[in-house]
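Below are the chains, spelled out letter by letter.
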Amino acid sequence: MSATLDLTGEVCPYTFVRTKLRLEELRLGDELLVIVDHPPAAENVPRSLRGEGHEVVSVDKDGSKFYIRAIKRKSHRLEGAT
Amino acid sequence: MDLDLGVLIASQERLETALSHVVHPERTQIFLMDDGVCAQGAPRLRALIDAGAEVALCAQDAESRGMHPYDGGPRFGSQYDHARMMRDAACVVAATHAGTTKSRPAGPRRRIGVTLTADPRENPTATVQALRSAVGYLGCELDVRIKLGSRALSLLGDEPPREVLRHLSTLRGLGTKIEPLPGGPIDVEVIW
């Protein structure tokens, strides 16, 4: 299964917190595509993903947006952030 | 790297006090945020980077002040770096405008106390920075307690400042206790 999380316009810390929450809804081995438009987030979101045990497959840039593909490799548990 | 010491610097004026706690740079992580990012070029900080300390800063706070990364300087990081440092360091020094604390939590599961001392209506910046830090801590599965000094109690009212609404909503949605001082026990304290 794959899912997409569009974080265009989102600010820290919600970039990595919302990414983590979205991953909670997926199964191990599922893929998540995270879209960001803040250049530091293109490095920091992958860093948080690897730091929490997930696999970052690729980070691609298209125009002003960055597309981060990750695979869920570990289970965590948070509740709901808005 | 075994992380002996994590140093949060959220106030440029407290830089030297905070860095005085560094004994083993190669086992130290430093995170700059708020106007602490203004110290990114400080010679003492550069020396610690050269000695092996991991130094990152909040890219959002730096960019809002017109700063850019440079070779040999701190890495432009995020609140994830901050939260992970709070989770992993054996000893935590937290230096903000409100003061400096030093905590040595025991055990892997630690409770972070974020103490607000300013009136959010008079100083929304400090409150915003404190609460967004707290959201970041939750993102690293830390147990967070928000403690309110007498001047910060308006956060419990019906109309907290607009700037903090999202952070408060997130913290409450994730089950965070927001309570007047003294509040419950904590292992690491950050005072804003």
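Residues numbered from 1 in each chain as written. Chains lettered and ligands numbered in written order. Predicted model: local features only at pLDDT ≥ 70, side-chain atom pairs only at ≥ 80, totals over all residues. Heavy atoms only, no water.

A. Highlighting the overall build of chain B. Regarding its fold elements, chain B presents six helices and ten strands. On C-alpha atoms alone, chain B measures out to a radius of gyration of 16 Å, which is about the 16 Å that the 2.2 N^0.38 rule sets for 192 residues. Overall, chain B is about 50 × 40 × 25 Å in size when its C-alpha atoms are taken along their principal axes. The buried share of chain B, taken over its 192 residues, is 57%. The contacts in chain B between residues at least 6 apart in sequence include a share of 73% that link residues at least 24 apart. (Helix = DSSP H or I, 4+ residues; strand = E, 2+ residues; numbered from the N terminus. Rg over C-alpha atoms; globule rule 2.2 N^0.38 Å. Buried < 20%, exposed > 50% of the residue type's maximum accessible area, 1.4 Å probe, protein only. Contact = heavy atoms within 4.5 Å.)

B. Just the confidence of the model for chain B, in detail. Per-residue confidence for chain B averages 93 on the pLDDT scale, and 99% of its residues sit at or above 70. Listed scores for the predicted complex are pTM 0.94 and ipTM 0.90. (pLDDT = per-residue confidence, 0-100.)

C. A look at the pairing of strand E2 (residues 31-36) of chain A. Residue and element names in this part refer to chain A. With five of its six residues buried, E2 lies for the most part within the structure. Pairing analysis gives five bridges linking strand E1 (residues 2-6) to E2, with the strands arranged parallel. Residue Asp 6 lies in a different strand from E2, and its bridge partner there is Ile 35. (Pairing = 2+ DSSP bridges.)

D. Focus on empty space enclosed by the protein. Within this structure, the stated rule accounts for three cavities of 30 Å³ or more. Counted as a void, the largest cavity has a volume near 90 Å³. Along the walls of the largest cavity sit 13 residues, with A:Cys12, A:His38, A:Ala41, A:Asn44 and B:Ser78 positioned nearest its centre. Contributing elements (two or more residues each) for the lining of the largest cavity: helix H2 (39-51) of chain A together with helix H3 (59-64) of chain B. Residue composition of the lining of the largest cavity, by class: six nonpolar, six polar and one charged. Of the pockets and cavities examined, the second largest cavity occupies roughly 70 Å³. Sorting the residues of the lining of the second largest cavity by element identifies helix H1 (14-24) and H2 of chain A as the ones contributing at least two each. (1 Å grid on protein atoms, 1.4 Å probe; cavity = no way out; pocket = protein on both sides within 12 Å on 5 of 7 lines; lining within 4 Å. Points joined across faces, edges and corners; volume = space filled by probe spheres on them. Nonpolar A, V, L, I, M, F, W, Y, C, P; charged D, E, K, R; others polar.)

E. Focus on the side chain of A:Ser48. Assignment of secondary structure puts A:Ser48 in helix H2. Beyond its immediate stretch of four places on either side in the chain, A:Ser48 contacts A:Phe16 and B:Tyr80.

F. Summary view of the pairing of strand E2 (residues 28-32) of chain B. Residues and elements named next belong to chain B. Counting buried positions over the five residues of E2 gives five, a clear majority of the element. Burial along E2 is two-sided: Thr 28, Ile 30 and Leu 32 and Gln 29 and Phe 31, pointing in opposite directions, are all buried. Note that strand E1 (residues 5-9) and E2 share five bridges and pair parallel. Its bridge partner lying in E2, Leu 5 is registered against Thr 28. Pairing of E2 with strand E3 (residues 54-58) involves four bridges; the strand directions are parallel. Within E3, the residue paired with Gln 29 across the bridge is Glu 54. Between the parallel elements E2 and E3, the chain passes through helix H2 (residues 43-50) in a crossover that is right-handed. (Right-handed = clockwise from strand over helix to strand, strands pointing away.)

G. Broad picture of the pattern of salt bridges. Per the stated rule, a full pass over the model turns up 22 salt bridges over all chains. B:Glu26 is the partner of B:Arg27 in a salt bridge, and the nearest nitrogen-oxygen pair spans 3.9 Å. B:Arg27 sits in the partly exposed class, given a relative accessible area of 29%. Connected through shared salt-bridge partners, A:Lys20, A:Glu52, B:Arg84, B:Arg87, B:Asp88 and B:Glu141 make up one network. (Salt bridge = Lys/Arg side-chain N within 4 Å of Asp/Glu carboxyl O.)

H. The arrangement of unusual backbone geometry in detail. Cis geometry is found at the peptide bond from A:Cys12 to A:Pro13, where omega equals 5°. Here A:Pro13 shows up in the loop between E1 and H1. Going from B:Leu181 to B:Pro182, the amide bond is cis rather than trans, its omega being 5°. Position of B:Pro182 relative to the elements: it lies in the loop between strand E9 (177-180) and strand E10 (188-191). A positive phi angle is found at B:Glu141, which is not glycine, with a value near 65°. Accessibility expressed as a relative area gives 27% for B:Glu141, which makes it partly exposed.

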